[in-house]
Structure formats: C-alpha cells, structure tokens
Protein chains: 2
Amino acid sequence: MSQTRAKRGVELGFLDGLIGFRLRLAQVSLFEDFERALRPFDITPTRFGALVLIEANSGLSQMQLAKAIRLDRSTLVALLDHLEGKGLVKRRPSPTDKRTNELVLTDEGRKLLTKAKRRVQEHEKRLFGKLSASDRAELKRMLEAVSTYKRL
Amino acid sequence: MSQTRAKRGVELGFLDGLIGFRLRLAQVSLFEDFERALRPFDITPTRFGALVLIEANSGLSQMQLAKAIRLDRSTLVALLDHLEGKGLVKRRPSPTDKRTNELVLTDEGRKLLTKAKRRVQEHEKRLFGKLSASDRAELKRMLEAVSTYKRL
DNA sequence: CTAAAAACGTTTGACGACAAACAAAAGCCG
DNA sequence: CGGCTTTTGTTTGTCGTCAAACGTTTTTAG
C-alpha cells in the first residue's frame, strides 16, 4: 500500500472537495507562467497590476492604488521604489494635498507596458485558452462573486 | 475628472479583462476569510493542507508532501517544525530509506484536524455558498484545467 | 563492485507581503 | 478659529515563500 504511493500518487482526502485548494493550485500555476513570460521585463503580476492601474488612472494616489489592487500601502512603498528606480513611474507631490503623491507613468513606462501587455495576453491565452469563451466568462463571473462575498 | 475618482472608483483598464487578476483577488478574499476562521487554531491554508495530506497518506515523505501541495521542500521544513512543535505531527525516520522521514499525525493532530475541518467547511460555504451546486462543480473543473495546463 | 549521479532533508539568503508605529498634513467640530 | 481625529506615506519587524548550496544516503552505469 505504502510502497505504491509513488505510482498511484498522493490521496487528496478532504482537500479533494475544496474549491479553495484548487484555487490555490491554479494560482501557483498562473504565477509560474506569468513569471516566466515576463521575466525579461522584470515584471511580476503585482507590478504589472500597478503599472496598468497607474496608466488607466494617471495621477492617482498610493492609497487609491493600494486599495484597487488589494495591497497594503506599506507594501506599495518598496514596489514603487523599484518601478521608480527603473524609470517607469514617477511620484509627483500633489499640489492640492501635501500628504499624497500623484503617480504617473513615464514615457518609458508606457512603452514597456505596451510590450508587457502583449506578453500577458499570450500568457492568459496559454492558461485559459482551453476553456471556451463562455466558460471563461463564467469563470470570471464566479471569481468576482467570490471576491465580493459579504463577511457574514 | 480626477476629483471624481474617489466617487467613481478606480478604472481597471487592461486588468478588467484578465481572469488572472480576478483569480488573485479571489484568493486574497479566500485567504482573509480562512485566516479569520481558523485563527483560534493557528492554522493557515497551507498548514491545513499539510495536515489533511498527512492524514490521508500516513507515513508519506516530505518530498511527496511538498509536491502534493506544490510547496518547495525547503519551505516545508519550517512548516513541519511548527506543527511538530505544537505536537500535531511527528517525523519518523523511515526504516527502509535513511534519507527520508515518515510523516504521521499525532492523536492530538487528528483531534484538532477534525475540528478544523468543520471550520473550513463553513468557510467554503461562506465563500462559495452563493454559487449553485452545478456552478461550484464547473468552477472546480475549470480551476483544475488551469492548474494542469501544459507548458507549451 | 565501484564510481558517478540523483534524491532527500536542511540551512542560509533574498524577496514580497502584512501589521504596527510614526511624523506630517488635512479634516472635523465645539 | 484651535485642538482632536483621521488620512497618507514611510519605517521597522515578522512571516511565508523560493532558490541555491551542502552533507548524507540511495540509485544508476560502466
């Protein structure tokens, strides 16, 4: 019995019925593929999200960005330091509120993001291409429902 | 325009079409709720996964466990140190292969796991309860497809 | 049978994430 | 106004994770 484990594989037991477990496995695969696809750009999923959000909401504050990608604001500090260090993003002190920075993409940031988007598009196709268009829509809808569940 | 951002919310831009982004958000919510529900037991999703797998495959090795939950074997060392320190798991040197340990649950581990399972069941219901049974089956199926995608 | 290669568990180092504490600025309200 | 509270960005500490290097043991090849 025990010696056949290698052949038969490990039993999932209680985990087998849990969607949460499958969700985690899916995300591990997703991250793996994303990382490999975007390695030349030194872009992780989180960094990519930040860049896209800054592009789509030029001038937004760090808090607004943090909330939108569900990241702690303290985490964002190092992330922006990195992107700013690579010349992709700029922190511009807000003229109206001296506490906040306005985040904007540099020209170089925009240029890199354009290329990165193509890679991400391919990446999504690799991971979800097997699913039909309606399946993908369903999946997206359900994931949204999960992340907007009400606490009690 | 910019001053209405707080009201209208942040635009997702390119992120809006990405399933990967939704997947990440869903997992943030999932982890949040799981953590809150299992806090009294000091059990995280990963630890829970390890306990369940050891229960369902008593005597398996660290490598087998690491692969099954897709965790680096080095990560597992500290995790098992923790569980062993709390008296939930035991590392037993394999009699047939002196390189490996056989992982087994202690009586206390089994007892705690029984209680934890109930909490996790409730947690899953909270997160996925809104979805119909067939929706949940679909979701699970699709997530499996994603995590078993072939690297080209 | 023996030398080379691979597997296993561990240690160490790097990195990304959260949480708590802080100073500065803005908002609130008597 | 003028003081208290809240918000914002940052620093520091902790934790979970991966990757690389290492010693021990097993497996494989010649």
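Quick note: structure is the one above.
Residues numbered from 1 in each chain as written. Chains lettered and ligands numbered in written order. Predicted model: local features only at pLDDT ≥ 70, side-chain atom pairs only at ≥ 80, totals over all residues. Heavy atoms only, no water.

**Looking at the protein's contact with DNA strand C**
Defined as follows: Think of it this way: one heavy atom of a residue within 4 Å of a molecule or strand is enough to make that residue near it. Counted as a polar contact is a pair of N or O atoms within 3.5 Å, where, for protein atoms, one must be capable of donating a hydrogen and the other of accepting one, and residues adjacent in sequence contribute only when both atoms are in side chains. Strands are runs of DSSP state E lasting at least two residues, helices are runs of H or I lasting at least four, and both sets are numbered from the N terminus onward.
Taken together, 22 residues sit near DNA strand C, with Thr46(A), Arg47(A), Asp72(A), Met63(B) and Arg91(B) positioned nearest. Backbone atoms, meaning sugar and phosphate, form 70% of the atoms of DNA strand C found within 4 Å of the protein. Between DNA strand C and Met63(B) there is a distance of 2.7 Å, counted from a phosphate oxygen to a backbone nitrogen or oxygen. Within the contact set of DNA strand C, a base oxygen lies 3.3 Å away from a side-chain nitrogen or oxygen of Arg73(B). Elements represented by at least two residues in the surface near DNA strand C include exactly helix H3 (45-56) and helix H5 (73-85) of chain A together with helix H4 (62-68) and helix H5 (73-85) of chain B.

**Focus on the protein's contact with DNA strand D**
To keep it simple, the criterion reads: Nonpolar residues are Ala, Val, Leu, Ile, Met, Phe, Trp, Tyr, Cys and Pro. Charged residues are Asp, Glu, Lys and Arg, and all others, Gly as well, are polar.
The full set close to DNA strand D counts 21 residues, and Met63(A), Arg73(A), Arg91(A), Arg47(B) and Asp72(B) are the nearest of them. Restricting the count to atoms of DNA strand D within 4 Å of the protein gives a sugar and phosphate share of 69%. In the environment of DNA strand D, a phosphate oxygen lies 3.3 Å from a nitrogen or oxygen atom belonging to the backbone of Asn101(A). Arg47(B) is positioned such that a nitrogen or oxygen atom in its side chain is 2.7 Å from a phosphate oxygen of DNA strand D. By residue class, the composition of the surface near DNA strand D is three nonpolar, eight polar and 10 charged.

**Side note on the relation of the copies chain A and chain B**
Selection rule: A least-squares superposition brings the copies together, and it is based on the C-alpha atoms of residues with pLDDT no lower than 70 in both. Contact criterion: two residues are considered in contact whenever any of their non-hydrogen atoms come within 4.5 Å of each other.
Rotating chain A by 180 degrees and moving it 0.0 Å along the rotation axis overlays it on chain B with an RMSD of 0.0 Å. Such a turn and shift between the copies fits a two-fold axis. Looking at the rotation axis and the C-alpha trace of chain A, the residue lying nearest is Leu139(A), at 3.2 Å. When the interface residues of chain A are mapped onto chain B, 100% of them again lie at the interface, so the same face is used by both copies.

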